[in-house]
Amino acid sequence: MLPAFQFSLGHQVLQGLVTVGKYDGTHPCLTAGTTAGKVLIHCPHSRSETQNEVIFLNINRKITSVATGLLNPNLGHDVLMVGTETSLMVYDVEENADLFFKEVHDGVNVIAFGNIFNIDAPLCVVGGNCSIQAFDHEGTELFWTVTGDNVSALAFCDVNDDGVAELICGTEDFEMRVFHHEDVIKEITETDVVIRVEPLHKQRFAYALMHGTVGVYDKLTRAWRVKSKNRVNCINCFDLDNDGVPELIAGWENGKVEVRNEKTGEVVSKDYFQAPIAALVHADYRLDGRTCLMCLTTEGDVRGWLPSSAGGDGMSGGGGPGMSGGMSKLGMGQEAKDGELFRELNSKKQALTQELASFQEQVKQFKQGGKDTAQGVIPTDTKLNISLKSNKTQGTVELHLMTSNYSVIRAVVIFAEHLFDGEACMLHPMPPSNNVIVQISPSKDVQTTMNIKAMAGLSSNSVQYHVFEMTYAMPKFAMYHSIEAHQVTKTPEGFCQFYLSKRPNWLWNWIHKSFINIDEQMPQPKGADKALVLDAHFISLRTGRASLKFPCRLDILHIQHTSFADVYYTTPSVNAGRCSPEPCFGGVAARVGFSAFFAMLVILASSLDEATCGASLNSTRVALWINCKTGRLTLLALACSLHFGVHVAHGRGIRQLSIWQLAQPNKLRRQSP
């Protein structure tokens, strides 16, 4: 890539702590966090001859995040927001004065500037230890909610095309949560810590993971992703080819900068630096009316590129062999679309050509080898059968691969997220057999799809092999084994009881899809309790303890036969006892025994309108009132040392109640607005 300009700041900058702000309302200034608790501000358009081009602000604390924005519209210029491990400072660079200084006990891992639904004022949104807070220009907290882990990324993007930007939060528990005000409208589980999230185009947003994955989501569905052996440091979205659609720009630890097509992920250009990339930003830094992309390294080197134009200037200038003058070759408008279509068709052509060549080579070897070669070809009716089974002895899930005849499996390759280190597993059975067992022990309860490739031959000495390519879904709760009621040695102590306006068959269908080795037909429970219409028990393969129980009884006290379900689970780390129900609202009650294990279980309660929840933990008590219509949470009483965050989310007529254990005790002492 041919830069339009380049210079050096002369100081090292920290990774990810870079932004651009107009502190006087007109001139953009490059701002970066440096070592020793200082903020560097590069002012190339200095209005005074005595003013230095580079100035420093002493924070005297370890800087964790920086951002700029028009937090106070009455000022008419941007302010600088600096986060540290325990505080947030908002500073007016132009007036050399603090707007406010706020102690944030949860810390400030990341800062985002924007607007939250139902709040008119622009906000400084900070993510810390399992919490998200938002402050206005006076330092007043206008928003607070909880997350499942430490916040590592924040961004605003209108993911559902409703005209209102949602808040996307990435956390260290590999999750991305999309907030519409306080409601979580989507939870996405990734394969590593989410370190960056950037709005891309319309409902599309880009993300980056710690282990070197970058990708794009379109309307909360993953469009594509690529994984590298190098660590990705930063991402940005910028329209370099000037076609109206921004590209995804990624900066890497090895000094490489990649430009990828936002629809396919194909690399269209790249450049290299001598130091790791610290950040990618864009602004009209030369004040010529054209926004440019700027890249900073950790050594303080800066390069800027302009988007290509119809006249051939900007990015299109120069560029010999090996340079990324290819950016200008993308063209504009219809030419760019035609080029993308040509690349797609050419890729399909190459795949078909390789497949045809492989078949031709097999036919050639078959004709030359005669009968000896024919003995190595498996029968044409050979099928590969796949099933999942529980292994209680080893505490794992077994993937069974079996051929339909005497053909043997020489090798198996499985690609799947959340199941294996490196997202792949390769197995060579010795000796080859027609039945191969793969031990799987996922650490998290996440539904995933396994892409399986099995190489089968007639015998272990075969020369010709056939490759079966199949996909198989791993249910979310595969690590829980179904058992009979008489096999339960210890009844779980924690519990949750709620009303469910669904028939027992509906609950059984959900169990059949979410667990393994479940019969399609709902069995009739054994016992004297005639009101018991469904009784299901499960033990955890991770601990070997009884973890889940689904008794479903028919409520004969109501005229309409409304069924409800009790969910019981063990709490090995917390001594959770039963609690008596609090006063009900509208005749509906829910009783919850809280524990950290509850984070793995999402309760589906479509008929839950209003309820009171209580818990008794080690002679302490918490009482919470949950209004599922508004999604608001009111704290009634607090007298315990075990702290929880409770969130109510809406979606397609089904309410989702999720509970997470928090690390900070002071958060439950306040009321949600």
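Residues numbered from 1 in each chain as written. Predicted model: local features only at pLDDT ≥ 70, side-chain atom pairs only at ≥ 80, totals over all residues. Heavy atoms only, no water.

K.L.:
Can you break down the sheet that holds strand E34 (residues 448–457) residue by residue, with the values?
P.N.:
Overall, antiparallel pairing links the 4 strands, which are arranged E32-E31-E34-E35 in an open sheet. Across the chains shown, the open sheet's two edge strands, defined by having one partner strand only, are strand E32 (424–427) and strand E35 (466–474). If you compare each strand with its neighbour and ignore which way they point, the axes differ by 20° on average. As defined by bridge partners, strand E31 (residues 408–415) adjoins E32 across 4 bridges and the pair is classed as antiparallel. If you follow Ile414 over to E32, its bridge partner there is Cys425. (Pairing = 2+ DSSP bridges. Helix = DSSP H or I, 4+ residues; strand = E, 2+ residues; numbered from the N terminus. Axes fitted to C-alpha atoms, helices over the stretch in contact; angles between N-to-C directions.)

K.L.:
Requested: an account of the confidence of the model for the protein chain, with residues and values cited.
P.N.:
As a note on interpretation, predicted positions should not be read in detail where pLDDT is low. Averaged over the protein chain, the pLDDT score is 75; the fraction of residues at 70 or greater is 72%. In this model, residues 310–332 is a region of pLDDT below 50 whose contacts with residues beyond four sequence positions or in other chains number 44 contacts. Across residues 553–673 the pLDDT falls below 50, and counting only partners more than four positions away or on other chains, this stretch makes 308 contacts in the model. (pLDDT = per-residue confidence, 0-100. Contact = heavy atoms within 4.5 Å.)

K.L.:
Go over helix H4 (residues 504–514), please, and point to the residues and values.
P.N.:
Of the residues making up H4, those classed as buried are Pro504, Leu507, Trp508, Ile511 and Ser514. In a view along the axis of H4, the buried residues occupy a sector of 130°, so they form one face of it. (Buried < 20%, exposed > 50% of the residue type's maximum accessible area, 1.4 Å probe, protein only. Arc of directions from axis to C-beta.)

K.L.:
Just give me the short version of the sheet that holds strand E18 (residues 194–201), but keep the residues and values in it.
P.N.:
Reading across the sheet, the 4 strands line up as E18-E19-E20-E21 and stay open at both edges, with antiparallel pairing between neighbours. Edge positions in the sheet fall to E18 and strand E21 (221–227), since each of these pairs with one other strand and no more. When the angles between neighbouring strand axes are averaged without regard to direction, this sheet yields 20°. In the sheet, E18 pairs with strand E19 (residues 204–209) via 6 bridges, with the strands oriented antiparallel. Opposite Val194, over in E19, you have Leu209 as the bridge partner.

K.L.:
Summarise the environment of Pro3; cite the residues concerned and give the values.
P.N.:
Mapping Pro3 onto the fold places it in the segment before strand E1 (5–8). The class for Pro3 is partly exposed, based on a relative accessible area of 32%.

K.L.:
Outline the pairing of strand E6 (residues 63–69), listing residues and values.
P.N.:
Among the 7 residues in E6, 6 count as buried, and that is most of the element. One ladder, built from 6 bridges, connects E6 with strand E7 (residues 79–84); its direction is antiparallel. Opposite Ile63, over in E7, you have Thr84 as the bridge partner.

K.L.:
Please provide a residue-by-residue account of the packing of aromatic side chains, values included.
P.N.:
Going through the model one piece at a time under the given rule, you end up with 10 aromatic pairs. Between the aromatic rings of Phe100 and Phe135, the centroid separation amounts to 6.4 Å while the plane-to-plane angle is 45°, which identifies the pairing as tilted. On the criterion of sequence distance, the pair formed by Phe100 in strand E9 (residues 97–103) and Phe135 in strand E12 (residues 131–135) is long-range, its members being 35 residues apart. Residues Phe100 and Phe135 agree in their burial class; the two are buried. Taken together, the ring pairs in this structure connect Phe477, Tyr480, Trp510, Phe515 and Phe538 into an aromatic cluster. The ring of Phe56 is capped by Lys38, whose NZ or CZ atom sits 5.9 Å from the centre of that ring. Positioned above the aromatic ring of Phe273, the side-chain terminus of Arg303 is 4.0 Å from the ring centre. (Phe/Tyr/Trp six-rings, centres within 6.5 Å; stacked < 30°, edge-to-face > 60°. Lys NZ or Arg CZ within 6 Å of the ring centre and 35° of its normal.)

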